[in-house]
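Architecture at a glance
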Amino acid sequence: MACSTQSDALVFFVNGRKNQQLFSLTAAFAVRLSGTKYGCGIGGCGACTVMISTYEPTSKKIMHYPANSCLLPICSLHSSAVTTVEGVGSTKTRVHPIQERLAKCHGSQCGFCTPGMVMSMYALLRNHPEPSMEQITAALDGNLCRCTGYRPIIDTYKSFTGETACCQLRGTGQCCLDKEDVCSSSDKGNQMHSGLCNPEEFQPVDPTQEFIFPPELMRMAQEQQKRTLVFRGERTTWISPTNLRELLELKAMYPKAPLIVGNTSVGLEMKRDGVHHPVFIHPTRIPDLHVVSNTNNGLVIGAACSLAQLRDILMKVVPELPEEKTKIFRALLQQLKTLAGEQIRSLASLGGHIVSRGSTWDLNPVLAVGNSVLSLASKDGTRQIPLNDQFLAGYENADLKPKEIIVSVFIPYSKKDDFVSAFRQAERRRNAVSVVNSGMRVLFKPNTDIIMDMNILYGGTGPITVSARKSCQRLIGRQWNEQMLDEACKLVLGEISLSPSAPGGKVEYRRTLLVSFLFKFYLEVLYGLNKMYPAKFPDLSKKNLSALGAFHSEVPQGMQTYQDVDPVQPPQDPVGRPIMHQSGVKHATGEAVYCNDIRAVDEELFLAVVTSSRAHAKIVTIDVSEALKVPGVVDVVTAEDVPGKNGTDDEQAYAKDEVICVGQIVCAVVAESAVQAKQGVEKVKIEYEDLEPILTIEDAIKHNSYFGKEKKIEQGNIEEGFKSADEIIEGEIHIGGQEHFYLETNSVLVVPRGEDNEMDVHVSTQDAARVQEFVALALDVQSSKIMCHTKRVGGAFGGKITKPAIFAVVAAVAIPNLRIRGPFRGFVATQTGLPQEKIREINMYKEVNLTPFKEELDATNLVKCWKECMEKSEYYSRKTAVEEFNKQNYWKKKGIAIIPMKFSVGFNATQYHQAAALVHIYTDGSVLVTHGGIELGQGIHTKMLQIASRELKVPLSYVHFCETSTITVPNAIVTAGSIGSDVNGKAVQNACQILRKRLEPIINKNPEGKWEDWITEAYDQSVSLSATGYFRGYMVNMNWDTGEGQAFPYFVFGAACSEVEIDCLTGDHKNIRTDIVMDACFSINPAVDIGQIEGAFVQGVGLYTMEEIKFSPEGEQYTLGPDTYKIPAVCDIPEQFRVYLLPNSRNPIAIYSAKGIGEAGLFLGCSVFFAIWDAVAAVRKERGLTGTFTLNSPLTIERIRMACADNFTEMVMVF
Ligand SMILES: Cc1cc2nc3c(=O)[nH]c(=O)nc-3n(C[C@H](O)[C@H](O)[C@H](O)COP(=O)(O)OP(=O)(O)OC[C@H]3O[C@@H](n4cnc5c(N)ncnc54)[C@H](O)[C@@H]3O)c2cc1C
Ligand code: FES
Ligand code: FES
């Protein structure tokens, strides 16, 4: 078949508007509207979600599905309609109910994940106008949020279900929306209030307002049905045939060309490994590849059907067929429900899944044990091959030939005496590839438990999916009993090899999973035999029943309780009320501008950095000659080009002479496009001479290599204390670090102003003053010439305090006379016999006390939080219930823990608490507030506007915040330490009070006048309508030498009780319930504060249970993105998540008696750690393991499983 040498026009619609142009196939981001965010670039975070709509001319159906635009090849969009968040709704047209409700329910904080969250929900609603909660949580599987803790997002979306929007607090019979029921008076104060938004304010959903599918695309789809389409780019050709014959001809012509369907496998290879394909064949228009047919023996599914379609087909078919026929289908469904996120499931095809055959792909082991058959076709004819272990191993005689394609997959019905099960265990229950997965099948001689056939495949044990073929053969003819199981385990451990140094590590755990899955299968089969032949086979013992089933995430339910404002507070005074985030609606509509969204101008250049591949080495040479030859590359910048100071003594901007870690910036390539800059980076050659690295804490101790001077605090006579102690318990515990995992990558935009060395630096940072200082020093100009601007930051969590200054120096030095933009990514049993809560209670601060550094502290509120948490969580009755559960369940155990918390707010230096604000009143009465704090998602600007509104006594709508800038507020402190709103609030208050005082004589003269009248009058009287406000900061005076003084201005207290359930065989756990009581004192904005507590808590759950940073022996970090580093997702939040703000509490030193609570909730995440510890302790006690044991943090699936020692963990050690 001869392809046209011309390129067809690529036509697709975006938000109802036609795009018709020839795109470069290398354009990675198909739809570059800035509402669509770029987080990870590899399909793992969902920030880039868009909705694709297509028209199928044969069935005349329109399909809508969510997709990760970072993996979407632009040519795949031909004749599709793309909807981005801007197309869903905007403040200029109509804010869509999804957007409006998300904002009103406080579902956004930094807002960077929010457009993706909107799009996932929007795509679901377009297909299911009244979705179930199960569908909603599944739709959010592929969307990560680091800020909110997901609870408000789930609550928002509940309002779209056909189900009731009531919180249905299980067990209580109460509804949080029924305010009359839940509002109760606190002991001595205002009413307690539940819920943070009012569903009565929601706009109804009106489907008639949605975009209709463009009729032009329908016509096009019909007309072009018969024509092959060719899109030619600079380096790549994309061919989309219309029938099987053409496809096979093309495959014969280009045997190496991938058949691109979802691009979720090929796309990753291209992005990660730089693989280039000159030709792509896009087979999705060929009906044969979409066939779905029900035959006498099974289902035939077209290879181009997506995994989401496969799931929907199976869900439809399973209830229609006799149960015995659907065992393979149900096993597949089980895997499909947790495989990837909905976006990937909608893109990825069955054929692509089978052919790319990643070792951890979940469907292949099940399809293989189910004896599925692949229908292949090539120009030379058709044939069928089994999808078995040999195919999955890629054996030549069992594989596709280069010119062959899979047309369809036959999945047989199961037989009556068949038993089929699927297993997978991943580091996170959803949207994470398996650590190990398996498909298992046994066929018995009818009416017996004699094995006639058996097949077990495992994924995740090596580079390919493997079969325990020999073991299974040895077991044929055996009875299904414990002796068989014992032998089967030994055989499998002998056959499936995993060397101690296998890539991915976790070797003992993975081997334990092999036999733990096998044990589960054994029990599932016994259970099934009993159900089929109750007279012949006994029921499972109670002990073993508890091994069955994997955890499913229930729909999370939340409750938020806080004290209402004083009933006499004027309604227009917003302080103390749950006001929506100042940017909430803009987050949801995608209009909120982040650094990378600032519109490009002429001559803008892009920068990409070359980083060290060595942990410690001398830089011998840097050869940039080849990089400079890359078209579009303008310059390569090194340390030599820095005119002034190259970073700090601790951290250089550009490495000079020596590198001290993998990933350190060595030089930067400046080019006309981001792609060219990256191409340039590939061409830079650096020669190193390796030096000995220090990679671990143990290494550092050995080498006496410490950061700074040792600080220590001792209280009492330590030696004497130990001597007189009844018992000394010694041990070691390790806690891992945590990635900040902000969704917005580091971004800097540097714009020279063209005169006096002035430069604007737009930067995503927590510390604009530091950026200003570093850039000025590096360029050797005065700070007054460098203007830093930060509108908002897409998540930071401490990760954007120091690094952005380095990135800004890199960019500013690179090109002082041009505008430049650069994205970067950076990724922390007792033997007393007493119950744990008693020990904590005994050790807890009480009343007025001294901290170890001898700072006085009044712990009354800590004790109150503890008691209230005990009460609200019904700790003791639930503890008894947990113990009862544990008696009944051998293989699943529950644990419960209650943890008190004292968190020090702020810094131990007075100058780090100073803050300034600038408030202007314009002659129309509008107010512009600016201050030194930076919006990181913590709602600081919202609180500042509330403060200004109260102090000036004007409605909130009069007050505006524009940006944080070194022009308006100089020398601002870093926004960190939970103190930002606190100290900047005082500065804003001060400025507003100054202004109000100036206005007082005018107001007194005309008390009935309006604000606008007073302002006009003030102007006429030449009264200044602008004021700076200042707060000197809290006095702290810690002396580390004597170990005395006041280290922190004040403390936040809290307590959390968490309950978990663990699966002793897999190490999986689920968070059942968490109750948090936090002493936020008077909350300026309960919605913001509760959001901070929930978000920080969930981040803490990640820190203590999931997030594991791993390095190679050479010091290279393995865990750099969502594929290798798992932060909590929707499935990880407690099924019941209740937050109470302690009533009637005051913090006299802070503004309005509030407290800064941004970070404190994180530490309460350890209540989940200790609840798991409690469950593991119960397991070990039952197994007779009475000694003490150590559990390190994070308490991952691997650590939980291995601590639940049993026959299987022992077997793994022996075999
Ligand atoms: C973020 C992310 C998360 C994931 N999570 C999971 C998970 O939890 N569990 C899991 O099992 N998998 C997971 N995957 C992998 C996913 O299942 C596969 O990438 C996907 O199924 C591949 O399908 P595709 O259509 O995108 O293939 P493509 O990338 O389009 O193609 C892959 C290969 O298949 C070939 N091919 C495609 N169709 C045919 C055909 N009909 N005939 C012959 N060759 C063909 C192509 O030539 C190419 O070589 C994940 C992937 C991503 C990106
Ligand atoms: S940016 Fe596309 S999924 Fe993360
Ligand atoms: S609001 Fe979700 S990542 Fe910040």
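Residue numbers restart at each chain and count upward from 1, following the sequence in its written direction. Labels are handed out in written order, letters beginning with A for the chains and numbers beginning with 1 for the ligands. The model is predicted, so local features are restricted to residues of pLDDT at least 70 and side-chain atom pairs to those at 80 or more, both for listing and for counting; the totals for chains, interfaces and linings are taken over all residues. To get the side-chain values, take all heavy atoms of the structure and skip hydrogens and water.

Side note on helix 7 (residues 215-223)
- Taken together, the buried positions of helix 7 are occupied by Leu 217, Met 220 and Ala 221. Each buried residue of helix 7 sits inside an arc of 100° when the element is viewed along its axis, so together they form one side.
- By definition, residues are in contact when any of their heavy atoms lie within 4.5 Å. Helix numbering and strand numbering both begin at the N terminus, where a helix is a DSSP run of H or I of at least 4 residues and a strand a DSSP run of E of at least 2. In this structure, the buried residues of helix 7 make contact with strand 1 (10-14), strand 3 (49-56) and strand 5 (81-83). Burial here depends on accessible area, computed with a 1.4 Å probe over protein chains only, as a share of the maximum for the residue type. Under 20% is buried, over 50% is exposed, and the range in between is partly exposed. Working definition: the arc comes from the directions between the helix axis and the C-beta atoms, pointing outward to the latter.

Things to note about the UniProt feature "active site" (unreviewed entry) in the chain
- UniProt positions are given in the numbering used here, feature names are shortened, and annotations may be inferred rather than shown by experiment. UniProt's feature table lists "active site" (unreviewed entry) at Glu 1159, given in the numbering used throughout.
- In this structure, Glu 1159 sits in the loop between strand 41 (1136-1141) and helix 34 (1161-1164).
- Beyond its immediate chain neighbours, meaning those up to four positions away, Glu 1159 contacts Phe 903, Gly 977, Ser 978 and Ala 1096.

A short note on the site of ligand 1
- Whether a residue is near a molecule or strand depends on its heavy atoms: if one lies within 4 Å, it is near. The full set close to ligand 1 counts 33 residues, and Leu 259, Thr 264, Val 266, Ser 349 and Asp 362 are the nearest of them.
- Here a polar contact is recorded for every N or O atom pair within 3.5 Å, except that within protein the pair must consist of a potential hydrogen donor and a potential acceptor, and residues adjacent in sequence are included only if both atoms are side-chain atoms. The contact in question runs from an oxygen atom of ligand 1 to an N or O atom on the backbone of Asn 263, over 2.9 Å.
- For ligand 1, an oxygen atom lies 3.0 Å from a polar atom in the side chain of His 353.
- A total of 990 Å² of accessible area belongs to ligand 1 in isolation, and the protein chains cover 92% of it.
- For the shell around ligand 1, the secondary structure elements donating two or more residues are helix 9 (266-273), helix 13 (350-356) and strand 15 (405-412).
- The greatest single-element share of the shell around ligand 1, amounting to five residues, is contributed by helix 13.
- When residues are sorted by character, Ala, Val, Leu, Ile, Met, Phe, Trp, Tyr, Cys and Pro go into the nonpolar class, Asp, Glu, Lys and Arg into the charged class, and all the rest, Gly among them, into the polar class. Considered class by class, the residues forming the shell around ligand 1 number 20 nonpolar, eleven polar and two charged. Under the convention used here, a 1.4 Å probe and the Shrake-Rupley method define accessible areas, while residue burial counts only the protein chains that appear.

Quick notes on helix 33 (residues 1086-1105)
- Multiplying 1.5 Å by the residue count of a helix minus one yields the expected span of that helix. With 20 residues, helix 33 should reach 28 Å at 1.5 Å per residue; the first-to-last C-alpha distance of 28 Å fits that figure.
- Sitting at the head of helix 33, Asn 1085 places a side-chain oxygen 3.0 Å from the backbone nitrogen of Ala 1087.

What about a nonpolar patch on the surface?
- Patch membership requires more than 30% relative accessible area and the absence of a salt bridge. Residues of like charge join within 9 Å; the nonpolar side chains Val, Leu, Ile, Met, Phe, Trp and Tyr join within 5 Å. Take a side-chain nitrogen of Lys or Arg and a carboxyl oxygen of Asp or Glu: if they are within 4 Å of each other, that pair is a salt bridge. A contiguous nonpolar surface patch, about 370 Å² in accessible area, is contributed by Ile 697, Ile 701 and Tyr 706.
- The topology assignment puts Ile 701 in helix 23 (residues 697-702).

Regarding the pairing of strand 29 (residues 786-790)
- Counting buried positions along strand 29 yields five of five residues, so the element is predominantly enclosed.
- Of the two faces of strand 29, the one lined by Ile 786, Cys 788 and Thr 790 and the one lined by Met 787 and His 789 are each fully buried.
- At least two bridges found by DSSP between two strands are what make those strands a pair. Relative to strand 29, strand 28 (residues 759-763) runs parallel, the two being bridged by four bridges. Paired with Met 759 across the two strands is Ile 786, which belongs to strand 29.

Some remarks on the sheet that holds strand 22 (residues 617-623)
- Across the sheet, which stays open at both edges, the three strands sit in the order 24-22-26 with antiparallel pairing between neighbours. Two strands lie at the open edges of the sheet, namely strand 24 (658-659) and strand 26 (685-690), each paired on one side alone.
- Bridging between strand 22 and strand 26 involves six bridges; their strand directions are antiparallel. Among the inter-strand pairings, Ile 619 is bridged to a residue of strand 26, identified as Tyr 688.

Here we look at the sheet that holds strand 10 (residues 279-281)
- Strands sit in the order 8-9-10 across an open sheet of three strands; the sheet is mixed. Only two strands of the sheet have a single neighbouring strand rather than two, namely strand 8 (229-232) and strand 10. Strand-to-strand twist in this sheet, taken as the mean axis angle between neighbours without regard to direction, amounts to 15°.
- As judged from the three bridges shared by strand 9 (residues 237-240) and strand 10, these two strands associate in the parallel manner. In the sheet register, Thr 237 faces strand 10, and the bridge partner there is Val 279. In this analysis, axes come from line fits to C-alpha atoms, helices being fitted only over the stretch in contact, and the angle between any two N-to-C directions falls in the range 0 to 180 degrees.

Quick notes on the side chain of Asn 889
- For Asn 889, the location among the structural elements is in the loop between helix 29 (875-888) and strand 33 (892-905).
- In this structure Asn 889 comes out as buried when scored by relative accessible area, which is 16%.

What about the UniProt feature "binding site: FAD" (unreviewed entry) in the chain?
- The UniProt record annotates "binding site: FAD" (unreviewed entry) at Leu 259, Ile 260, Val 261, Gly 262, Asn 263, Thr 264, Ser 265, Val 266, Asp 362 and Arg 424. These annotated residues cover 166 residues of sequence, and their C-alpha atoms reach 28.0 Å apart at the extremes, leaving them scattered rather than at a single site.
- We classify Gly 262 as buried; its relative accessible area is 7%.
- In contact with Gly 262, not counting residues within four places along its chain, are Leu 71, Leu 347 and Ala 348.
- For Arg 424, the position within the fold is in strand 16 (residues 418-426).
- Residue contacts for Arg 424: discarding those within four places in its chain leaves Gln 335, Thr 338, Leu 339, Asp 362, Arg 429, Ala 432, Val 433, Ser 434, Val 436, Asn 437 and Phe 517.
- Reaching out from Arg 424, the side chain makes a polar contact with the side chain of Asp 362 at a distance of 2.9 Å.

Some points on the nonpolar core
- For our purposes a nonpolar core is just a set of buried Ala, Val, Leu, Ile, Met, Phe, Trp, Tyr and Cys residues, chained together by side-chain atoms within 4.5 Å. Ranked by size, the top nonpolar core spans 229 residues in total, and within it Tyr 157, Phe 329 and Trp 480 carry the most contacts.
- Looking at which element gives the most residues to this core, the answer is helix 18 (residues 507-532), with twelve residues.
- Here Trp 480 is in contact with Val 442, Phe 444, Asp 449, Ile 451, Met 454, Phe 521, Tyr 522, Val 525, Leu 526 and Leu 529, once residues within four sequence places are set aside.
- In this structure, Val 642, Ile 786, Val 810 and Ala 814 belong to the second largest nonpolar core, which totals 40 residues.

Side note on empty space enclosed by the protein
- Here a cavity denotes grid points, spaced 1 Å and computed from the protein atoms alone, that fit a 1.4 Å probe unable to get out, and a pocket denotes an open set having protein on both sides within 12 Å along at least 5 of 7 lines; residues with an atom within 4 Å of a point are the lining. Grid points are joined across faces, edges and corners, and a volume is the space filled by probe spheres set on the points. Size it by volume and the second largest cavity reaches roughly 130 Å³.
- Lining the second largest cavity are 16 residues, and of these Gln 563, Cys 1081, Phe 1082, Ser 1083 and Arg 1146 lie nearest its centre.
- Of the residues that constitute the lining of the second largest cavity, the class distribution is eight nonpolar, six polar and two charged.

Here's the deal with the packing of helix 2 (residues 97-104) against helix 5 (residues 151-158)
- Closest axis-to-axis distance for the helix 2/helix 5 pair is 9 Å, and the angle between their directions is 135°. Judged on the interaxial angle alone, helix 5 and helix 2 are oblique. Remark: the crossing between helix 2 and helix 5 carries right-handed chirality. Contacts from Ile 98, Arg 101 and Leu 102 of helix 2 reach helix 5 at Ile 153, Thr 156 and Tyr 157.
- The residue inventory of the contact of helix 2 with helix 5, partitioned by class, reads four nonpolar, one polar and one charged. Here roughly perpendicular refers to angles of 65 to 115 degrees, roughly parallel to angles under 35, roughly antiparallel to angles over 145, and oblique to all remaining angles. Left-handed is the label given to a crossing in which the near helix is rotated counterclockwise from the far helix by less than a right angle, and right-handed is the label when the rotation is clockwise.

A few points about the environment of Pro 463
- Its location among the elements puts Pro 463 in the loop between strand 18 (451-459) and strand 19 (466-467).
- Once the C-alpha coordinates of Pro 463 and Arg 510 are considered, the two residues, 47 residues apart in sequence, prove to be 14 Å apart.

A closer look at the environment of Arg 599
- On the secondary structure map, Arg 599 appears in the loop between helix 20 (584-589) and strand 21 (605-611).
- With 165 residues separating them along the chain, Arg 599 and Ser 764 place their C-alpha atoms 15 Å apart.

As for the state of the cysteines
- Any two cysteine sulfur atoms lying within 2.5 Å of each other are counted as a disulfide. One pass over the structure, following the stated rule, counts zero disulfides.
- Between Cys 661, a cysteine without a disulfide, and Cys 667, which holds the nearest cysteine sulfur, the sulfur-to-sulfur distance is 15 Å.
- Looking at Cys 1131, it has no disulfide partner, and the nearest cysteine sulfur is the one in Cys 145, 14 Å off.
- Assessed through its relative accessible area of 11%, Cys 1131 is described here as buried.

As for unusual backbone geometry
- Of the consecutive residues Ser 1193 and Pro 1194, the connecting peptide bond is found in the cis state with omega at 5°.
- For Asn 15, which is not a glycine, the phi torsion comes out positive at approximately 50°.
- Relative to the helices and strands, Asn 15 resides in the loop between strand 1 and strand 2 (17-21).
- Positive phi outside glycine occurs at Tyr 150, with the angle close to 70°.
- Inspection of the secondary structure assignment puts Tyr 150 in the loop between helix 4 (133-139) and helix 5.

Considering the packing of aromatic side chains
- Pairs were defined over the aromatic rings of Phe, Tyr and Trp, the Trp ring being its six-membered one, requiring ring centres within 6.5 Å. Orientation was assigned from the angle between planes: stacked under 30 degrees, edge-to-face over 60, tilted for the rest. If you walk through the whole model with that rule in mind, you get 24 aromatic pairs.
- Both rings, one in Phe 112 and one in Tyr 594, keep their centres 5.0 Å apart while their planes meet at 90°; by these two values the pair is edge-to-face. Residue Phe 112 is located in the loop between helix 2 and helix 3 (114-127), and its partner Tyr 594 is located in the loop between helix 20 and strand 21; the two are separated by 482 residues in the primary sequence. Exposure class is identical for Phe 112 and Tyr 594. Each is buried.
- Look at Phe 907 and Tyr 912: their rings are 5.7 Å apart centre to centre, the planes differ by 65°, and that puts the pair in the edge-to-face class.

Some thoughts on the pattern of salt bridges
- Applying the stated criterion to the full structure yields 53 salt bridges.
- One salt bridge in this structure joins Glu 249 and Arg 245, with 3.2 Å as the shortest N-O distance. With Glu 249 and Arg 245 both in helix 8 (residues 244-253) and four residues apart, the pair spans about one turn of that helix.
- A residue is classified by how much of its surface remains accessible, and Arg 245, at 52% relative accessible area, is exposed.
- Residues joined by salt bridges that share partners form a network here, namely Asp 141, Arg 311, Asp 312, Glu 342, Arg 345 and Arg 430.

Comments concerning the environment of Ile 718
- Note that Ile 718 resides in helix 24 (residues 718-724).
- Residues Ile 718 and Glu 554, spaced 164 residues apart in sequence, show a C-alpha to C-alpha distance of 49 Å.

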